[in-house]
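Structure assessment
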Amino acid sequence: MKHLLFLCLGICLLATSCKSTADLSVSKTMNTAESQLKYSLKNHTDKSTYPRSVNADGSLHAVSSKDWTSGFYPGSMWYMYSYTQDQKWADSAAAWNAGLESAKFHTHTHDLGFVLYCSFGNGLKLTENPKYAQILLQGSQTLIKRFDPKVGSIRSWDFGSWEYPVIIDNMMNLEMLFWATKYSGDTKFYDVAVKHAETTLKNHFRPDNSSVHVVDYDKTSGNVKAKKTHQGYSDESAWARGQAWGLYGFTVVYRETGDKKYLEQAEKIADFFLNHPNLPEDMVPYWDFNAPDIPNTPRDASAAAIAASGLLELGRYSAKGSTYFDAAEKILTSLSSPAYLAKPGTNQGFILKHSTGHMPNKSEIDVPINYADYYFLEALLRYNMLNPEK
Ligand code: GLY
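Figured I'd write up the structure that's included with this text. (Residues numbered from 1 in each chain as written. Predicted model: local features only at pLDDT ≥ 70, side-chain atom pairs only at ≥ 80, totals over all residues. Heavy atoms only, no water.)

**Comments concerning the pattern of salt bridges**
Applied cut-off: Only one rule defines a salt bridge in this text: a Lys or Arg side-chain nitrogen within 4 Å of an Asp or Glu carboxyl oxygen. Numbering of helices and strands runs from the N terminus; a helix is a DSSP stretch of H or I covering at least four residues, while a strand is a stretch of E covering at least two. Accessibility here uses a 1.4 Å probe with only protein chains present; expressed as a share of the type maximum, an area under 20% marks a residue as buried, one over 50% as exposed, and anything in between as partly exposed.
Considering all chains together, one arrives at 23 salt bridges under this definition. In this structure, the salt-bridge partner of Lys-195 is Glu-198, at a minimum N-O distance of 3.2 Å. Pair noted here: Lys-195 and Glu-198 are both in helix H9 (residues 188-203), with a separation of three residues, about one helical turn. By relative accessible area, Lys-195 is classed as partly exposed at 34%.

**Digging into the pairing of strand E6 (residues 214-217)**
Worth spelling out the cut-off: We call two strands paired when DSSP finds no fewer than two bridges between them.
The side-chain alternation of E6 yields two buried faces, one formed by Val-214 and Asp-216 and the other by Val-215 and Tyr-217. Two elements, strand E5 (residues 165-167) and E6, share three bridges in a ladder whose sense is antiparallel. Opposite Val-166, over in E6, you have Val-215 as the bridge partner. Sheet topology places E6 next to strand E7 (residues 224-228); four bridges connect them, and they run antiparallel. Directly across from Tyr-217, in E7, lies its bridge partner Val-224. Linking E6 back to E7 in an antiparallel pair, the connection comprises six residues, with Gly-222 at a positive phi of about 80 degrees.

**Digging into unusual backbone geometry**
The amide bond that connects Ile-294 to the next residue, Pro-295, takes the cis arrangement and shows omega of 10 degrees. Its location among the elements puts Pro-295 in the loop between helix H11 (260-275) and helix H12 (301-317). A positive phi angle, close to 70 degrees, is found at His-354, a residue other than glycine. With respect to the helices, strands and loops of the structure, His-354 is situated in the loop between helix H13 (321-335) and helix H14 (370-386). In this model, Asp-366 sits at a positive phi of 55 degrees, which is unusual for a non-glycine residue. Tracing the backbone shows Asp-366 in the loop between H13 and H14.

See below:
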């Protein structure tokens, strides 16, 4: 229980001010989620691969520790432990964490925050295992090798014809760096994280506060070369998950720096997302806010789950707190309904249906995906702290 309180401490501060009228039962949804995680563990025993999504033929798509999504599977188990306090979830999570340790040396990716902080980071908060801290610190050392001071950003990808691509998603890898400075006392991690956030704030946003997916930089001058999309509908469109990554990421940067410009940016993104005319009534966005075939195009439940979790934290800091809480509650109510929540024993053990991974690549369209489940569980825990069930 002590660890549960620690994990959600900040969230509790506003607990008395959030009142719900929604028909959302966290315990009911968590029970379903627990059945699904158990079902997944029963059917997938190979600890060298991590369930990521479902293939077009309905089979499980599992990936190695090198994949950017590998940390979400143990991360979901840590959240289940946090909720149930059942030791067997901590044991399972630790067992699935183990295969990810080598990622602390992976220099090929900017996604070490996703891989390591969702797995070992949650494990550290819940168990205080000192080995996890060493892994996170090494992972942070590895991650900052991808930072170029001329550009002022951590490089995202090594593939493709980009010169120095930086994607909005990369905001999510900064939380581990903030942790690394607090843990080690070495400010270099904090400095990289803040510079990256500052550069992203400067270059990724349009006048309507939507974000482009990829900014490609000239390595020599540090100037912007091009603004493009990779997973969105077009270079000018608002890819739904990208907006959710930005909302969540800038909220974290505000929490860690106290600098109001990051709070304001997170609010602007939230307002863009929530007030968009193409956001459906159930508040689960289409995969891109500007997809041309709306409403006959897939949703992205992962974007909804990430946004809900981000909104619940943003609501703690913002004068518009109750608007953000209500919006998150509405999203979670939709995701907990049969339209999105899988029946136990189906959906290859994933909790949510209807996420879209990479539409232009025609991959992972309208399927379950592990990061939707991870952020859904996180959001439910945050919601439960703000609005505990009687
Ligand atoms: N970070 C990759 C994605 O959101 O699909």
